[in-house]
Amino acid sequence: GNPNNKLTILNAGGIAPLVLMLREGTDETKRAAAGALQNLAGGDEIGNTDIQNEIVNAGGVPLLIALLEKGSSETKKTASKALRNLAINNPENKEVIVEAGGIESLVALER
């Protein structure tokens, strides 16, 4: 995504509503929110770590992991990509994902 747009979304408080959508709504709504978070968390431009951290701080990791366990196959795929992007170049987020049971859920997804 466009780095300027991503920072605009962050600065406008757009992360928390997307995380809320992971908790509430239809499977399609959850998949769309996971996809938006995947796109926001991806990349290595300046400010990206702030975006990744905001998603984690808003409670996104356990909700994405829940989608790995309960979502449709497309939602599971999107949630796994969002978790991957949260972990890229971010050791603290990797630890949060591991502690939340993300590894087990990702391994189960591959079975």
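It should be emphasised that the depicted structure is a prediction, and the values quoted were computed from it without experimental measurement.

Reading the values: rules and limits
Residues numbered from 1 in each chain as written. Predicted model: local features only at pLDDT ≥ 70, side-chain atom pairs only at ≥ 80, totals over all residues. Heavy atoms only, no water. Helix = DSSP H or I, 4+ residues; strand = E, 2+ residues; numbered from the N terminus. Rg over C-alpha atoms; globule rule 2.2 N^0.38 Å. Buried < 20%, exposed > 50% of the residue type's maximum accessible area, 1.4 Å probe, protein only. Contact = heavy atoms within 4.5 Å. Salt bridge = Lys/Arg side-chain N within 4 Å of Asp/Glu carboxyl O.

## Overview of the overall build of the protein chain
Then step 1. When helices and strands are counted, the protein chain shows eight helices and zero strands.
Then step 2. Traced from its N-terminal end to its C-terminal end, the protein chain shows the element sequence α-α-α-α-α-α-α-α.
Then step 3. Against the 2.2 N^0.38 benchmark of 13 Å for 111 residues, the protein chain shows a C-alpha radius of gyration of 13 Å, consistent with a compact globule.
Then step 4. Summarising its shape, the C-alpha atoms of the protein chain cover approximately 40 × 30 × 20 Å along the three principal directions.
Then step 5. Per-residue burial over the protein chain gives 41% buried out of 111 residues.

## A closer look at helix 5 (residues 60-70)
Residues spaced three or four apart along an α-helix point in a common direction, a consequence of the helix completing one turn every 3.6 residues.
Then step 1. If you check which residues of helix 5 are buried, you get G60, V61, L63, L64, I65, L67 and L68.
Then step 2. Contact partners of the buried residues in helix 5: helix 2 (15-23), helix 3 (27-41), helix 4 (48-57), helix 6 (73-87), helix 7 (91-99) and helix 8 (102-109).

## Quick notes on the pattern of salt bridges
Then step 1. Evaluation of the coordinates by the stated rule reveals two salt bridges.
Then step 2. Among the salt bridges present, the one from R31 reaches E28, with a minimum N-O distance of 2.8 Å. You can see R31 and its partner E28 sitting in helix 3, three residues apart, about one turn around the helix.
Then step 3. Overall, R31 belongs to the partly exposed group, its relative accessible area being 23%.
Then step 4. In this structure, E74 engages K77 in a salt bridge whose closest nitrogen and oxygen atoms are separated by 3.9 Å. Separated by three residues within a single helix, E74 and K77 lie in helix 6, roughly one turn from each other.
Then step 5. Taking the relative accessible area as the measure of exposure, E74 reaches 41% and is therefore partly exposed.
Then step 6. Owing to a relative accessible area of 42%, K77 belongs among the partly exposed residues under this scheme.

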